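Chain and residue survey
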Amino acid sequence: MSKLKIAVQKSGRLHDDSMKILKEVGISIDNGKDQLKASARNFPLEVFYLRNGDIPQYLKDGVVDAAIIGENLLFEKAHDLAVVERLGFSKCKVSLAIPKSGKATSIKDLEGKRIATSYPNTVNHFLKLHGIKAQLHIINGSVEIAPNIGLADAICDIVSSGSTLFKNGLKEIQTLLTSEAVLTISPKISAESQNILDTLRFRLQSVLRGRQNKYVLLNAPNDKLETISKILPGMNSPTILPLAKEGWSSLHSVINKNDFWNVIDELKANGAEGILVCPIENMVL
């Protein structure tokens, strides 16, 4: 039987988050220490543990069928590869930064300046977009030190919390792109592997929906049910069950995580009591 070959980063935060979501979709993987390849016990899938920078070429060559990869790396090395699912973790930015004493406020102020970066294609794309000419110094690792040793006037690198910039006396002046982990596919994926990928995507979508929503149970007087049902429509409509207490019912529904506290405040203002909130493991539609 054919197996879907999927690449993930060999180590680091993206690796950990990738393996976590594969586990959440019910895939058990036996991977010993320092293994470069491992098979799933209960799903037709084979995982390749690769250096992050090598994954785009493996996809283009058809060595792997799919990959979980940072969108920033995809933009830099293989922007023509298709993104089939956004996974919502390992979020970061690719940003321009200068010394705190610098006066530049945007990419336009870097005309004729020196920029140190590990993302030359990304920087060149945005320089060209804005009609700016600058000199690039390509550095692999420790980009933040470049202005301090006189190598560059600015840097362009990944920014997560901003603590690394702060420690090196730098300030962010412009975000070039935002990034998260994505699922991407090889242009050479076979029809059989595509079918397996479709099954994997269905599971991933169910887990991602669960992460974005919370299950809510509450009690409310019957004369408030119509109003509360409009606040909490759920996936289709809320479930309403009568309570032993005369004139009261229990209402079960779903809240989007981003709207959570605003909805809770509105529910309380409209007579809801005993509100319980639970995480959702999977949300299958």
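Reading guide: rules and limits
- Residues numbered from 1 in each chain as written.
- Predicted model: local features only at pLDDT ≥ 70, side-chain atom pairs only at ≥ 80, totals over all residues.
- Heavy atoms only, no water.
- Buried < 20%, exposed > 50% of the residue type's maximum accessible area, 1.4 Å probe, protein only.
- Helix = DSSP H or I, 4+ residues; strand = E, 2+ residues; numbered from the N terminus.
- Arc of directions from axis to C-beta.
- Contact = heavy atoms within 4.5 Å.
- Salt bridge = Lys/Arg side-chain N within 4 Å of Asp/Glu carboxyl O.

1. Notes on helix α4 (residues 120-130)
Along an α-helix, residues three or four positions apart point the same way, because every turn accommodates 3.6 residues. Every buried residue of α4 is listed here: P120, T122, V123, F126 and L127. The arc enclosing the buried residues of α4, seen along the axis, measures out at 165 degrees, which places them on a common side. Facing away from the buried side of α4, by more than 90 degrees, are the exposed residues K128 and L129. Contacts from the buried residues of α4 go to α3 (71-77), β6 (92-99), β7 (114-117), β8 (135-138), β9 (154-159) and β10 (170-179). One or two steps after α4, the chain reaches G131, where phi turns positive at roughly 65 degrees.

2. Quick look at the pattern of salt bridges
Summed over all chains, the structure comprises nine salt bridges. Linking E71 and R86 is a salt bridge whose minimum nitrogen-to-oxygen distance equals 2.7 Å. Pair noted here: E71 is in helix α3 and R86 is in strand β5 (residues 83-86), with a separation of 15 residues, a long-range link. Residue E180 is joined to R86 by a salt bridge in which the shortest nitrogen-to-oxygen separation is 3.6 Å. You can see E180 sitting in the loop between β10 and β11 (181-185) and its partner R86 sitting in strand β5, a full 94 residues away along the chain.

3. Examining the pairing of β11
Along β11, five of the five residues are buried, which leaves the element largely enclosed by surrounding structure. Neither face of β11 is left uncovered, since the one carrying A181, L183 and I185 and the one carrying V182 and T184 both have all their residues buried.

4. Digging into unusual backbone geometry
Within the chain, S90 stands out as a residue other than glycine whose phi angle is a positive 55 degrees. Positionally, S90 belongs in the loop between β5 and β6.

5. What to know about the side chain of N72
Tracing the chain through its elements places N72 in helix α3. The contacts of N72, once residues within four sequence positions are left out, are C92, V94, Y119, I158, L177 and S179.

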